[in-house]
Amino acid sequence: MSKTTCQCFLRIVRREILRIATKPMYLFCMVIAPVFCFLFFTTLMGNGLPTNLPAGVVDLDNTATTRSIIRNLDAFQQTQIVAHYPSVTEARQAIQRGEIYSFYYIPKGTTEEALAQRQPKVSFYINYSYLIAGSLLYKDQRTMSELASAAIGQATLLAKGATEAQALAFLQPVVISTHALNNPWLNYSVYLCNTLFPGILMLLIFLTTVYTIGTELKENTAKELMQMADNSIVTALTGKLFPQTVTFFIMATFYNVYLYGFLHYPCNSGIFPMLLAGLLLVLASQAFGVFLFGLFGSLRLALSAASLWGVISFSISGFTFPVMAMHPTLQALSVLFPLRHYFLIYVNLALNGYPIIYAWHAVTALLLFMLLPFFILKKLRTAMLHYVYIP
């Protein structure tokens, strides 16, 4: 970089810092909104899993055995029996009113049929409009049903003279040992926040980058910017975006230190590779924002495209639904989203603890995103020098 270019760069950086300091929207998008989201979501899911979800019971048998089943169900961490209903109709109406998420139905004669080995049926009704609550209550109630069946079966076998070891071998011939990898606590905050935070930051970078370039045209200051850059579009863009790069990287550093240093979420690779991944995400997101504005040439269209691309990233990155299970077309399109590659780096480094060389394809993809602005530099330079903004 020549002395003249360096001076132009520093002048533009000072100009951009002044613009950021005098426009509250920049402060909100670059600092307040990210920090608020980081703190809000970790506080919202501070317990890892929701507990004591309200559920009801319809016990038409009302024997010592069924009351024991209900007490054991209520002892589960995620389930809290809040009401007993005399009929299925009243329990269903309670679900519709939003008073409970599910209810457990035990028909009359259940205990008698179980002791006679006639395979009684119990039912549980779940409101799956609330996916997490419904899934957790379904798991508890199904587990309780299996445990109750095994307990009745064991009592029957013992009554017939079998030893306890023989009864257990008959009821559970194969013992399953389950070990959850990387997130043994099954903590939803660990599952969501590690990709939700960079996704929110990426979306804000998209919007801020498009906005900061578009307002130069809207406010008719683009020619002034180009004169300060000696008509070099590269100098103009790097000087203009450099303060934002530093700020957004500080935000990326903040959420990494917050998650892995303060909350002690799994980070088997150490925090420094994740800081590098955060820097790559910031640069790739800024480059993609520049590319979108140069591609559309309109602040309105570019902001709409940036919003759409950022929101779709949450669904197609693979952290809520696996990419390998998507339609082949969507699998191919997933490589066009920076968040997808950051997610792969996170899985390989933070969760699995692999060296960064094992995530080389994701790192390379983020580096390729940084080359996108070079395809539209000529068009963007023409717009900055000659474009007349039309409201």
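In this text the structure is predicted, and so the values were computed from the model without any measurement.

A.B. asks: Let's hear about the sheet that holds strand β4 (residues 123-126): which residues, and what values?
C.D. replies: In spatial order, the strands read β2-β1-β3-β4; together these four strands make up an open sheet with mixed pairing. The open sheet has two free edges, formed respectively by β2 (79-84) and β4, since each of these has just one partner strand. Shown here is a sheet whose adjacent strand axes are inclined to one another by a mean of 30 degrees, direction ignored. Pairing geometry for strand β1 (residues 53-59) and β2, over five bridges, is parallel. Within β2, the position partnered with Leu53 by the bridge is Thr79. Lying on the sheet, helix α3 (residues 64-74) is in contact with β1, β2 and β3 (102-106); it crosses β2 at an angle near 135 degrees. Where helix α4 (residues 88-96) meets the sheet, its contacts fall on β1, β3 and β4, and the angle it forms with β3 comes to roughly 170 degrees.

A.B. asks: Please provide a residue-by-residue account of the UniProt feature "transmembrane region" (unreviewed entry) in the protein chain, values included.
C.D. replies: Per the UniProt record, "transmembrane region" (unreviewed entry) is found at residues 25-45, 191-213, 241-263, 275-296, 302-325 and 357-377. Counted over residues 191-213, helix gives 100% and strand 0%. Its end C-alpha atoms are 35 Å apart.

A.B. asks: So, the side chain of Thr212: which residues are in play, and what are the values?
C.D. replies: Mapped onto the secondary structure, Thr212 falls in helix α8 (residues 188-218). There is a polar contact of 3.0 Å between the side chain of Thr212 and the side chain of Tyr26. Of note is the side chain of Thr212, whose polar atom sits 3.2 Å from the side chain of Gln244. When near neighbours in sequence (up to four residues on either side) are disregarded, Thr212 contacts Glu16, Tyr26, Lys240, Leu241 and Gln244.

A.B. asks: Run through the environment of Leu158, naming residues and quoting values.
C.D. replies: Here Leu158 is to be found in helix α6 (residues 131-159). If we skip the residues at most four places from it in the chain, Leu158 touches Thr163, Glu164 and Ala167.

A.B. asks: Could you give an account of the pairing of β1, naming the residues involved and the relevant values?
C.D. replies: Buried residues dominate β1, accounting for six of its seven residues. Inspection of the sheet shows β1 paired to β3 by five bridges, in the parallel sense. Among the inter-strand pairings, Asp59 is bridged to a residue of β3, identified as Ile106.

A.B. asks: Describe the layout of surface pockets, with residues and values.
C.D. replies: As a volume, the largest pocket reaches approximately 530 Å³. Secondary structure elements with two or more residues in the lining of the largest pocket: α3, α5 (110-115), α6 and α7 (164-171). Take the lining of the largest pocket: its biggest share by element is seven residues, from α6. When grouped by side-chain class, the residues that make up the lining of the largest pocket number 11 nonpolar, 10 polar and two charged.

A.B. asks: So what's going on with the packing of aromatic side chains? Residues and values would help.
C.D. replies: Note on aromatic pairs: each is described by the distance of the centres and the angle between the planes. A complete count under the given rule lists 22 aromatic pairs for this structure. Each ring, one from Phe38 and one from Phe254, has its centre 6.0 Å from the other, and the planes form 25 degrees; the classification is stacked. With Phe38 in helix α2 (residues 24-44) and Phe254 in helix α10 (residues 233-262), this pair connects stretches of sequence that are 216 residues apart. For Phe38, a relative accessible area of 0% puts it in the buried group. Relative to Phe369, the ring of Phe288 lies with its centre 5.9 Å away and its plane at 70 degrees, an arrangement referred to as edge-to-face. Linking Phe288 in helix α11 (residues 271-296) with Phe369 in helix α15 (residues 360-369), this pair joins segments that are 81 residues apart in sequence. A network of ring pairs unites the aromatic residues Phe38, Phe197, Phe254, Tyr255, Tyr258 and Phe262 as a single cluster.

Cut-offs used in this document
Residues numbered from 1 in each chain as written. Predicted model: local features only at pLDDT ≥ 70, side-chain atom pairs only at ≥ 80, totals over all residues. Heavy atoms only, no water. Pairing = 2+ DSSP bridges. Helix = DSSP H or I, 4+ residues; strand = E, 2+ residues; numbered from the N terminus. Axes fitted to C-alpha atoms, helices over the stretch in contact; angles between N-to-C directions. Contact = heavy atoms within 4.5 Å. UniProt positions renumbered as here; feature names shortened; annotations may be inferred. Polar contact = N/O pair within 3.5 Å; in protein donor to acceptor, adjacent residues only side chain to side chain. Buried < 20%, exposed > 50% of the residue type's maximum accessible area, 1.4 Å probe, protein only. 1 Å grid on protein atoms, 1.4 Å probe; cavity = no way out; pocket = protein on both sides within 12 Å on 5 of 7 lines; lining within 4 Å. Points joined across faces, edges and corners; volume = space filled by probe spheres on them. Nonpolar A, V, L, I, M, F, W, Y, C, P; charged D, E, K, R; others polar. Phe/Tyr/Trp six-rings, centres within 6.5 Å; stacked < 30°, edge-to-face > 60°.

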